[in-house]
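Understanding the architecture of this molecule
Listed below, chain by chain, are the residues.
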Amino acid sequence: MPQEQVYRFALIHPWKTRRGGGCGRRMGMLVKALQARGTVVRIMSFSQLARNVIGRKIGKESQRILIYTSLMAPFVAVLKLLKPSIPVVYMVRGDEISFVQRHGRRLRARVALWFQKLLARLGCHFVFVCEDLLALFEERMGKITNASVLPNTLGKPVPAVRPFDGRVGLIGHFDSVKNIEWAIQNLSGGRFEVHLFGNYTYPEEWHRPWLQSHGFVQDLRSQLRDKCSLVVLSYVDAGFPNVVLDALEAGCGVVVHDRFPFKYLPVHEAWRFSLASKMLSQQQEAGMPSDLECTLGRLLREKRDFKNDNNVLIELVESDWEQRVWEILS
C-alpha cells in the first residue's frame, strides 16, 4: 500500500480568542481535524511568529500556511518572495472592514481592503465561512479566482426542533455587531418572553420587564434548550455564526433578517424579517408591531415546522465538516 501523505500546517492567528467564543471553538476543531492527517504549528502572537520564523518552522517544504487576518499580508508577501509556491490560505470568518468601520477606524478599514487585495494578487486561497462573505468581498474587489466556502456544520443529525411558543433567545453583547439594541427595540411591544445571553454588561437603558439577562453562560445550548424555543439573529457582521448550530442542537429554530450576512443563507422566507424596518415613535405609541414582531407572531400562530421549511439548511448543517475541510485544504 502507498504511504499516506503527511501534511504540515502553520495556523497563524496573532491574537487571543475570547474563552468559549465561537472563533476559538471552531479553531480548536480545525486543529483537531488537521492533526488527524498531519502536523500543526499554531501561532497565537507576533512574538511567537518571529520565533518560529527564526527557528525555520515556517515556510518548510509542503507546508500550508493558514492566516486569519489581512494584517498578515506583508508577512505573506515576504514569504511568497522567498518561496513563491508555498500555499497560503486566508480563512475569512467575518467582515473585518465593517467591524472596524463600526468603531470609527476608517484608516484601519482602508488598510484592510488594501491588504485583502494584496493577498488576492499573491494568489492566496480565500476560504469564506459563508456565501454572503464571498459575495461581499467580490463586490469590493472583483472576482476572486481562488476561493472556497467552508460553512460551519455539525456533521450529525439535527434533533427535533420545537414549534415556537413565544420564548425568544438573543445572543450577544451590547454595542457590537450582534446588533442587540436593534432587536430589543423591535421587540418593545412586550408580546414575547425574551432571554438575553452572552452579554458582559446590562446597561440600565435596555432593561425591560419582558427581557431577562443571563450574561455570559458556560453552556449556551442547555440554556437555550431550557428557556427558549426560537433564536433571533440580528447580526450585521458575522459570517455563518456558530449560534445557528447551538440553537438547532438545542431544539430551537432561528429567524434571520434579509441582509448581509444572511442574504444567501438557505433560510425559508417564513423565517425571515426585514432589518430595514424600524419602529417609529408614533407606531410604538399606537401599539403597532414591528416587522420582527409580525414575523414572530405569525410563526406563533402557524406553529410552522422549522426543519420541514428549511430542509436545505438542515442538510448543510448535518454535512461532515471535517470532510469539507480536507476537500479544500488537501
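Being a predicted model, the structure only gives us computed values, none of them experimental. (Residues numbered from 1 in each chain as written. Predicted model: local features only at pLDDT ≥ 70, side-chain atom pairs only at ≥ 80, totals over all residues. Heavy atoms only, no water.)

Another aspect to go through is the overall build of the protein chain. Looking only at helices and strands, one finds 14 helices and 12 strands in the protein chain. In terms of overall size, the protein chain behaves like a compact globule, its C-alpha atoms giving a radius of gyration of 21 Å where 330 residues would be expected to give roughly 20 Å. With the C-alpha coordinates of the protein chain rotated into their principal frame, the extents come out at 65 × 50 × 35 Å. Here the analysis covers contacts within the protein chain between residues at least 6 apart in sequence; of these, 67% occur between residues at least 24 apart. Element-wise, carbon and sulfur atoms account for 51% of the exposed surface of the protein chain, whose accessible area totals about 16,000 Å². Distance between charge centres in the protein chain, computed from 45 positive and 32 negative side chains, equals 9 Å. (Helix = DSSP H or I, 4+ residues; strand = E, 2+ residues; numbered from the N terminus. Rg over C-alpha atoms; globule rule 2.2 N^0.38 Å. Contact = heavy atoms within 4.5 Å. Areas by Shrake-Rupley, 256 points an atom, 1.4 Å probe, with all protein chains shown as cover. Lys, Arg positive; Asp, Glu negative; His and termini not counted. Charge placed at Lys NZ, Arg CZ, Asp CG, Glu CD.)

Let us look at the side chain of Ser234. Relative to the assigned elements, Ser234 resides in the loop between strand E10 (230–233) and helix H9 (242–249). Ser234 sits in the buried class, given a relative accessible area of 1%. Here the side chain of Ser234 touches Lys178 through a polar contact of 3.2 Å, landing on its backbone oxygen. Each residue touching Ser234, except ones within four places of it in the same chain, is listed here: Lys178, Asn179, Ile180, Trp182, Ala183, His257, Phe273 and Leu275. (Buried < 20%, exposed > 50% of the residue type's maximum accessible area, 1.4 Å probe, protein only. Polar contact = N/O pair within 3.5 Å; in protein donor to acceptor, adjacent residues only side chain to side chain.)

This paragraph deals with the packing of helix H8 (residues 220–227) against H9. Following both chains from N to C, one finds H8 and H9 inclined at 50°, their axes separated by 8 Å at the closest point. The pairing of H8 with H9 is recorded here as oblique in orientation. Read as a crossing pair, H8 and H9 show a hand that is right-handed. In this structure, H8 contributes Leu220, Arg221, Leu224 and Arg225 to the contact, and H9 contributes Asp246, Ala247 and Glu249. Class assignment of the residues belonging to the contact of H8 with H9 gives a composition of 3 nonpolar, no polar and 4 charged. (Axes fitted to C-alpha atoms, helices over the stretch in contact; angles between N-to-C directions. Parallel < 35°, antiparallel > 145°, perpendicular 65-115°, else oblique. Left-handed = near helix turned anticlockwise from the far one by under 90°. Nonpolar A, V, L, I, M, F, W, Y, C, P; charged D, E, K, R; others polar.)

Looking at where Ser319 falls in the secondary structure, it is placed in the loop between helix H13 (311–318) and helix H14 (321–329). Among residues more than four places away in sequence, those in contact with Ser319 are Thr153, Leu154, Gly155 and Arg324.

With an omega dihedral of 10°, the bond running from Phe260 to Pro261 counts as a cis peptide bond. Within the secondary structure, Pro261 is located in the loop between strand E11 (253–257) and strand E12 (272–273). The backbone phi angle of Asp175 is positive, close to 50°, even though this residue is not glycine. The exposure class assigned to Asp175 is exposed, which follows from its relative accessible area of 56%. Even without a glycine there, the phi angle at Lys303 is positive, about 50°. Positionally, Lys303 belongs in the loop between helix H11 (291–302) and helix H12 (306–309).

Further remarks concern the nonpolar core. One finds Phe126, Phe240 and Leu296 to be the most contacted residues of the largest nonpolar core, which totals 85 residues. Among residues more than four places away in sequence, those in contact with Leu296 are Phe164, Val168, Leu187, Phe192, Leu230, Val232 and Val255. Within the second largest apolar cluster, 18 residues are counted, among which are Leu30, Val31, Leu66 and Ile328. (Core = buried A, V, L, I, M, F, W, Y, C linked by side-chain atoms within 4.5 Å.)

In this section: the pairing of E11. Most of E11 is tucked away: 5 of the 5 residues are buried. Going residue by residue along E11, you find Gly253, Val255 and His257 tucked away on one face and Val254 and Val256 tucked away on the opposite face as well. As paired elements, E10 and E11 share 4 bridges and run parallel to each other. Directly across from Leu233, in E11, lies its bridge partner Val256. Each parallel crossover has a hand, and for E10 linked through H9 to E11 it is right-handed. By the bridge criterion, 2 bridges tie E11 to E12 in an arrangement that is parallel. Following the sheet pairing, His257 is matched in E12 by Phe273. (Pairing = 2+ DSSP bridges. Right-handed = clockwise from strand over helix to strand, strands pointing away.)

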